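# A look at the structure
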Amino acid sequence: MSDPGHGVERVADSIWSVPAPFSLVGMHIGTRMTVVRLSNGSLLLHSPVPMSETLMAEINALGPVRHIVCPNVFHHLYAAAAVAAFPDAILHGPPALRAKRKDLAFGAELSETPHPDWGGDFELLTIAGCWIRETVFYHPATRTLIACDLVENFHGSPHAPTRLYLKLQGLYGVVGFGRLLRFLYRDRRSARVSIDRLLQWPFERLVLAHGEVLTDDARESVRRGMAWL
């Protein structure tokens, strides 16, 4: 099936990304949703973005949405809108987010145990020792890793304050995790074990939330980007 519109960008077979504007404390860092067609033909939305009628039509053209995933405690701002747009979908989130967002009707707890609908599609890993509490998704069929805040990948920015911010973070033109946010890793030894487990997957590309999708040699980029840990 060909891509149905301009908002949805093809990444690999059965995987699409949807970039969207997003600002945090005035910095233009953007965000991204990943859409995956599962082996049963239904769709999973990873880290939802704002839903316009045009985007909803594009997604519906790919298949029926059955799962919406908030992969960590930060990427939940547009979950309610996604649930409203696709009311037949199950909302997944980590325990800490379910406690934080009691207004959201979570139907399943996100952990390293896949939901039965997509147990054959993904391998999952929760990054230990970090307040972000993210579970990353590995799609073996396409050797694609799907994450939000594992690393960032900015080639630049047209917004001068954001360029300065990226330079201060050590992220301007460099794949990595911002040095000003590394305090979020409270137990670095446990986190290092998780990253080493992650690097055992032979992923070739990485769909991330902030910056450009990594399409070449993604595993080595993540290895270098997380070497500080």
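Note: the structure precedes this text.
Cut-offs used in this document
Residue positions are given per chain, counted from 1 along the sequence in the order it is written. Residue-level local features of this predicted model are given only where pLDDT is at least 70; pairs of side-chain atoms are given and counted only at 80 or more, and the full residue set underlies all totals for whole chains, interfaces and linings. Only hydrogens and water are set aside when side-chain values are computed; all heavy atoms of the structure are taken into account. Counting from the N terminus, the helices are DSSP H or I runs at least four residues long and the strands are E runs at least two residues long. Buried, partly exposed and exposed residues are distinguished by accessible area as a fraction of the type maximum, computed with a 1.4 Å probe on protein chains only: under 20%, between the cut-offs, and over 50%, respectively. Grid points spaced at 1 Å over the protein atoms alone were grouped into cavities, where a 1.4 Å probe fits but cannot get out, and pockets, open sets with protein on both sides within 12 Å along at least five of seven lines, with lining residues defined by an atom within 4 Å of a point. Grid points are joined across faces, edges and corners, and a volume is the space filled by probe spheres set on the points. Amino acids are sorted into nonpolar (Ala, Val, Leu, Ile, Met, Phe, Trp, Tyr, Cys and Pro), charged (Asp, Glu, Lys and Arg) and polar (every other residue, Gly among them). The aromatic pairing rule takes the rings of Phe, Tyr and Trp, using the six-membered ring of Trp, and pairs them if the centres are within 6.5 Å, calling planes under 30 degrees apart stacked, those over 60 edge-to-face and the rest tilted.

### Observations concerning unusual backbone geometry
Positive phi, normally seen in glycine, also occurs at S14, with a value near 70°. Structurally, S14 is set in the loop between strand 1 (9-12) and strand 2 (15-20). Overall, the relative accessible area of 24% leaves S14 in the partly exposed class. In the Ramachandran plot, R133 falls in the positive-phi region, its phi being about 55° despite a non-glycine side chain. Mapped onto the secondary structure, R133 falls in the loop between strand 10 (123-126) and strand 11 (135-139). A relative accessible area of 42% means that R133 is categorised as partly exposed.

### Here we look at empty space enclosed by the protein
All told, the structure shown has one cavity of 30 Å³ or more when counted by the stated rule. Taken together, I127, C130, I132, R133, E134, V136, D149, L150 and Y185 make up the lining of the largest cavity. Partitioned by chemical class, the residues of the lining of the largest cavity number six nonpolar, no polar and three charged.

### A short note on the packing of aromatic side chains
Using the criterion set out here, one finds seven aromatic pairs in the structure. Taking the centre distance of 5.2 Å and the plane angle of 15° together, the rings of Y138 and W201 count as stacked. Placement of the pair is Y138 in strand 11 and W201 in the loop between helix 5 (188-198) and strand 13 (205-207), with a sequence separation of 63 residues. We classify W201 as buried; its relative accessible area is 10%. Linked through ring pairs, W118, F122 and F137 together constitute an aromatic cluster.

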